[in-house]
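Residue strings, one per chain:
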Amino acid sequence: MDDAEVMIGPVNLAARVDEALAVQALAFGLDEDEIAVRRHIVLRHLMSPGARAYGATTTDGKLVGFVYGMPNDRGHWWSTVVESYLRATGTTDWLDDSFVITELHVHPDHQGRGVGRELITTITDSAAEPRSILSAIDTESPARGLYRSLGYEDLARQVHFPSAARPYAVMGAPLPLKRRN
């Protein structure tokens, strides 16, 4: 990782949810109402079997990035929304035996320095599942470029979540994720 001032490690995301959502708000452009809704969602997700989180913290303890995820469960809301899109592309098997990256966000001041790469590889390296899935806004972006560099490929595009204005892409990658040579 290029950002020497940042350490990656397990984080008690439930205890630091407000800090994490402040990072997400800056990185993702959320307003206060969206933050309030997401707070409840994050806390509920963290109670799922196998859920875990990693944080990127500065030497003075400030949280500047986080990732969390869990083994995918077809009964979860996200899976029920993406299933029809995956069915259309013949990729519904990705919903089974996969570790889902639920959220990954890095403070804008720390983006482009390897923090996101280190967070996602660290969490997926701890997964027992043979592959990982995630959703990302369906546009060319640094995040999508990162995911592709790690081996994620598009499974479905133009996925519409009821609460989101922009379409998403569902991406999947075999584990372990690709590393830079």
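Let us look at the structure shown here. In this text the structure is predicted, and so the values were computed from the model without any measurement.

Notes on a negative patch on the surface
A cluster of acidic side chains, namely Asp31, Glu32, Asp33 and Glu34, defines a negative patch on the protein surface. Mapped onto the fold, Asp31 is located in the loop between α1 (17-28) and α2 (32-45). Classification of Asp31 as partly exposed rests on a relative accessible area of 40%.

Structural notes on the pattern of salt bridges
Inspection of the entire model under this criterion finds 13 salt bridges. The salt bridge involving Arg87 is made with Glu83; its shortest N-O contact spans 3.7 Å. One end of the pair is Arg87 and the other is Glu83, both in helix α3 (residues 77-88) and four residues apart, which spans about a single turn. With its nearest N and O atoms 3.6 Å apart, the salt bridge here joins Arg144 to Asp138. Taking the relative accessible area as the measure of exposure, Arg144 reaches 0% and is therefore buried. You can call Asp138 buried: its relative accessible area is 9%. Overlapping salt bridges, with partners in common, bring together Arg74, Glu83, Arg87 and Asp96 in one network.

Some details on the sheet that holds strand β1 (residues 6-10)
Strands sit in the order β1-β2-β3-β4-β5-β7-β6 across an open sheet of seven strands; the sheet is mixed. In this open sheet, the two strands that pair with only one neighbour each are β1 and β6 (153-159). Strand-to-strand, the axes of this sheet are offset by a mean angle of 20°, without reference to chain direction. Examined bridge by bridge, strand β4 (residues 98-106) and strand β5 (residues 131-137) share three bridges and lie parallel to one another.

Notes on the nonpolar core
Counting 26 residues, the largest nonpolar core has Leu13, Trp78 and Val82 as the members making the most contacts within it. Of all the secondary-structure elements, those providing two or more residues to this core are α1, β3 (63-71), α3, β5, β6 and β7 (168-174). When sequence neighbours within four positions are dropped, the list of residues in contact with Trp78 reads Asn72, Leu95, Val100, Ile133, Leu134, Ser135, Phe161 and Val170. In terms of nonpolar packing, the next biggest core, distinct from the first, is built from 24 residues, Val115, Leu134, Tyr152 and Leu177 among them.

A look at the packing of aromatic side chains
Centre distance and the angle of the planes are the two values used to describe a pair of aromatic rings. Under the counting rule described, the total for this entry stands at three aromatic pairs. Measuring from centroid to centroid gives 5.8 Å for Tyr147 and Tyr152, while their planes differ by 65°, and the two rings are edge-to-face. On the basis of relative accessibility, which here comes to 7%, the residue Tyr147 falls in the buried class. Here Tyr152 falls in the buried class, since its relative accessible area comes to 2%. Aromatic side chains Phe161 and Tyr168 sit 5.2 Å apart centroid to centroid with 85° between the ring planes, which places their arrangement in the edge-to-face category. Considered together, Phe161 and Tyr168 belong to a single accessibility category, that of buried residues. Sitting over the ring of Trp94, Arg131 keeps its end group 4.8 Å from the ring centre.

Structural notes on the packing of α1 against α2
In the contact formed by α1 and α2, the axes pass within 10 Å of each other and the chain directions differ by 125°. As the angle between them shows, α1 and α2 are arranged oblique. Here α1 and α2 pass one another in a crossing that is right-handed. For the pair α1 and α2, the contacting residues are Val17, Asp18, Leu21, Gln24, Ala25 and Phe28 in the first and Ile35, Arg38, Arg39, Val42 and Leu43 in the second.

Cut-off values and rules
- Residues numbered from 1 in each chain as written.
- Predicted model: local features only at pLDDT ≥ 70, side-chain atom pairs only at ≥ 80, totals over all residues.
- Heavy atoms only, no water.
- Patch = residues over 30% accessible without salt bridge, like charges linked within 9 Å, V, L, I, M, F, W, Y side chains within 5 Å.
- Areas by Shrake-Rupley, 256 points an atom, 1.4 Å probe, with all protein chains shown as cover.
- Salt bridge = Lys/Arg side-chain N within 4 Å of Asp/Glu carboxyl O.
- Lys, Arg positive; Asp, Glu negative; His and termini not counted.
- Charge placed at Lys NZ, Arg CZ, Asp CG, Glu CD.
- Helix = DSSP H or I, 4+ residues; strand = E, 2+ residues; numbered from the N terminus.
- Buried < 20%, exposed > 50% of the residue type's maximum accessible area, 1.4 Å probe, protein only.
- Pairing = 2+ DSSP bridges.
- Axes fitted to C-alpha atoms, helices over the stretch in contact; angles between N-to-C directions.
- Core = buried A, V, L, I, M, F, W, Y, C linked by side-chain atoms within 4.5 Å.
- Contact = heavy atoms within 4.5 Å.
- Phe/Tyr/Trp six-rings, centres within 6.5 Å; stacked < 30°, edge-to-face > 60°.
- Lys NZ or Arg CZ within 6 Å of the ring centre and 35° of its normal.
- Parallel < 35°, antiparallel > 145°, perpendicular 65-115°, else oblique.
- Left-handed = near helix turned anticlockwise from the far one by under 90°.

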